[in-house]
Amino acid sequence: MSAPSEPPRVPVTSPLWEVFVRARRGLSHTHVGSLHAPDAELALHNARDLYTRRQEGVSIWVVPAGAIIASSPDEKDSFFDPAADKVYRHPTFYEVPDGVDHL
Amino acid sequence: MYGNDFAPEEDAPGGGLLGQVEAAEVALREAAARTREAAPAPGEDPAAYFADVIDADQKIEPRDWMPDAYRRTLVRQIAQHAHSEIIGMQPEGNWISRAPSLKRKAILLAKVQDEAGHGLYLYAAAETLGVSRDELVELLLDGRQKYSSIFNYPTLTWADVGAIGWLVDGAAIVNQVPLCRCSYGPYARAMIRVCKEESFHQRQGFEILHTLSHGTPAQRAMAQDALDRWWYPSLAMFGPPDGDSTHSAQSMAWKIKRFSNDELRQRFVDMCVQQAEILGLTIPDPDLRWNDERQAYDFTQPDYDELMRVIKGEGPCNRQRMEHRRRAHADGAWVREAATAYAAKQRAESQREKVAA
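An unreviewed UniProt entry lists chain B under the name Ring-1,2-phenylacetyl-CoA epoxidase subunit PaaA, with Micromonospora matsumotoense given as the organism.

By the naming in an unreviewed UniProt entry, chain A is Ring-1,2-phenylacetyl-CoA epoxidase subunit PaaB, taken from Micromonospora matsumotoense.

Further remarks concern the overall build of chain A. Helices and strands together make up the secondary structure of chain A, namely two helices and three strands. Going from the N terminus to the C terminus, chain A shows its helices and strands as β-β-α-β-α. For chain A, the residues scored as buried account for 22% of the 103 residues in total. The contacts in chain A between residues at least 6 apart in sequence include a share of 40% that link residues at least 24 apart. Just so you have it, chain A exposes about 7,900 Å², and 58% of that area is on carbon and sulfur atoms.

To continue, consider the overall build of chain B. The helix and strand inventory of chain B stands at 14 helices and two strands. Compactness check: chain B gives a C-alpha radius of gyration of 22 Å against a globular reference of 21 Å for 357 residues, within 12% of the reference. Its C-alpha atoms give chain B principal-axis dimensions of about 75 × 50 × 40 Å. Looking at chain B residue by residue over its 357 residues, the buried ones come to 52%. For chain B, restricting intrachain contacts to residue pairs at least 6 apart in sequence, the fraction spanning at least 24 positions comes to 74%. As displayed, chain B offers around 16,800 Å² of accessible surface, 55% of which is attributable to carbon and sulfur atoms. Here chain B carries 42 positive and 52 negative side-chain charges, and the mean point of each set is 7 Å from the other.

It is possible for side chains bearing opposite charge to pair when their charged atoms get close. Residues and elements named next belong to chain B. Within this structure, the stated rule accounts for 22 salt bridges over all chains. The shortest N-O distance in the salt bridge between Lys 111 and Asp 169 comes to 2.9 Å. With a gap of 58 residues between them, Lys 111 in helix 5 (residues 102-127) and Asp 169 in helix 7 (residues 158-176) connect regions that are remote in the sequence. Neither residue differs from the other here; Lys 111 and Asp 169 are each classed as buried.

All names here are of chain B. All told, the structure shown has two cavities of 30 Å³ or more when counted by the stated rule. Here the second largest cavity defines a volume of roughly 40 Å³. Lining the second largest cavity are Arg 104, Ile 107, Leu 108, Trp 158, Val 161, Gln 204 and Ile 208. Among the elements that line the lining of the second largest cavity, the one with the most residues is helix 5, at three residues. The class makeup of the residues in the lining of the second largest cavity is five nonpolar, one polar and one charged.

All names here are of chain B. Counting 100 residues, the largest nonpolar core has Tyr 70, Tyr 184 and Phe 268 as its most contacted members. A per-element tally of this core places helix 7 first, with 12 residues. Here Phe 268 is in contact with Leu 167, Gly 170, Ala 171, Val 174, Trp 231, Ser 234, Leu 235 and Phe 238, once residues within four sequence places are set aside.

Attention now moves to the domain arrangement of chain B. Residue and element names in this part refer to chain B. According to the domain assignment, chain B contains domain 1 (17-37 + 44-315) and domain 2 (316-356). With centres defined by C-alpha atoms, the gap from domain 1 to domain 2 works out at 30 Å. On the side of domain 2, 10 residues touch domain 1, which itself brings 18 residues to the contact. Carbon and sulfur atoms supply 61% of the area that domain 1 and domain 2 bury against each other, a total of about 1,200 Å² over both sides. Viewed at the interface, domain 2 and domain 1 are joined by eight residue pairs in polar contact (both at pLDDT 80 or more). Secondary-structure elements contributing two or more residues to the side of domain 1 that touches domain 2 are helix 3 (68-87), helix 4 (89-93), helix 6 (133-141) and helix 12 (304-314). Residue composition of the side of domain 1 that touches domain 2, grouped by class: 11 nonpolar, five polar and two charged.

Rules behind the numbers
Residues numbered from 1 in each chain as written. Chains lettered and ligands numbered in written order. Predicted model: local features only at pLDDT ≥ 70, side-chain atom pairs only at ≥ 80, totals over all residues. Heavy atoms only, no water. Helix = DSSP H or I, 4+ residues; strand = E, 2+ residues; numbered from the N terminus. Buried < 20%, exposed > 50% of the residue type's maximum accessible area, 1.4 Å probe, protein only. Contact = heavy atoms within 4.5 Å. Areas by Shrake-Rupley, 256 points an atom, 1.4 Å probe, with all protein chains shown as cover. Rg over C-alpha atoms; globule rule 2.2 N^0.38 Å. Lys, Arg positive; Asp, Glu negative; His and termini not counted. Charge placed at Lys NZ, Arg CZ, Asp CG, Glu CD. Salt bridge = Lys/Arg side-chain N within 4 Å of Asp/Glu carboxyl O. 1 Å grid on protein atoms, 1.4 Å probe; cavity = no way out; pocket = protein on both sides within 12 Å on 5 of 7 lines; lining within 4 Å. Points joined across faces, edges and corners; volume = space filled by probe spheres on them. Nonpolar A, V, L, I, M, F, W, Y, C, P; charged D, E, K, R; others polar. Core = buried A, V, L, I, M, F, W, Y, C linked by side-chain atoms within 4.5 Å. Domains from an automatic or database assignment. Buried area = accessible area lost by both parts, 1.4 Å probe. Polar contact = N/O pair within 3.5 Å; in protein donor to acceptor, adjacent residues only side chain to side chain.

Right, dumping it as structure tokens:
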């Protein structure tokens, strides 16, 4: 118990990390959630204890949340526009004459 | 296995709880696969877009526009849910050092660790709504946000650990399985994770009671006593009756909540009756009987005045729980400070090395 004369402690906020887990060999890392940790090493340990208690993964990435640059939903139109008018990128755009195999 | 009797429309693949959780997960993927513009078109009303996403049973994600009241409701609900998981470690933690065998102790430790994990998943989900972890912790420690009232009851015997697993976790599951379909993506995903883990909790509780109720007469009596004390508080976990529930209607419209308090309470009772029979224990309700017309059990409602008293802070353990939480938080301060100081030192050293190189 702290004595009343002690100065109030300033709360220590540790940074937020985003956690990505590779569930099995052959799969890509998938975002599973986030956690707080003071440094990368503790972030990895905490991620193991928090997100892989039941052998959910064979590999973990932790990324400082502040280091992630995200596109904004508001600029969706202008941002993803370049792909919108290129239906010819999909194989279904092309008509294949009857009788053509292996195409 | 249980729960098939109350979700025929959901066509749960594995049946039972886990089946329903998996069905929710499949529904989440399917909803994501249905094409939708990722944002409102320019000039489109964001509120109309929001309503549209909710109507289509799709998920609202952190950076989407949402009504302020929706955000506030979610922050409150997710935070109180997280606080409940954290405080919920105490009644069971009370028995870790006195578990009757090494196996039981290891299992209980794993379960209590899961509860901490659930709290952390949920705090992380709340933080996506723009509230900080420190704020949430402070709201709990200052008593400005609540946690589930059930944890203000004491665990007097080892059988109480069983009753908590069977009844308290069972009630929590009945509450939480529908939350796997909540309209807010991060909450729904956290709940899917939580529910998958909860089924272990409920089964371990049932197993403890089953062992006791098939043991010596004293063990049997202990199991019955635990059921007698935990039954009504567990029924009260579903909250006040529908007529008195303040937040329900709006939460249902937003698809945060899917079923009313009374509907969920009825499901829970219907589920427990047969399980109690297998345990050979008697549910302490003389008016409990099957109603053929309703195809459900009639039962005595819990004492809602008592629930209100416990919510207001007058339960048997409210003070003890809060004091313990505050003390644990204060006692951990030096660990957080030391870890932060160590991180700062490591950063400074790696900076120096870079400069030297």
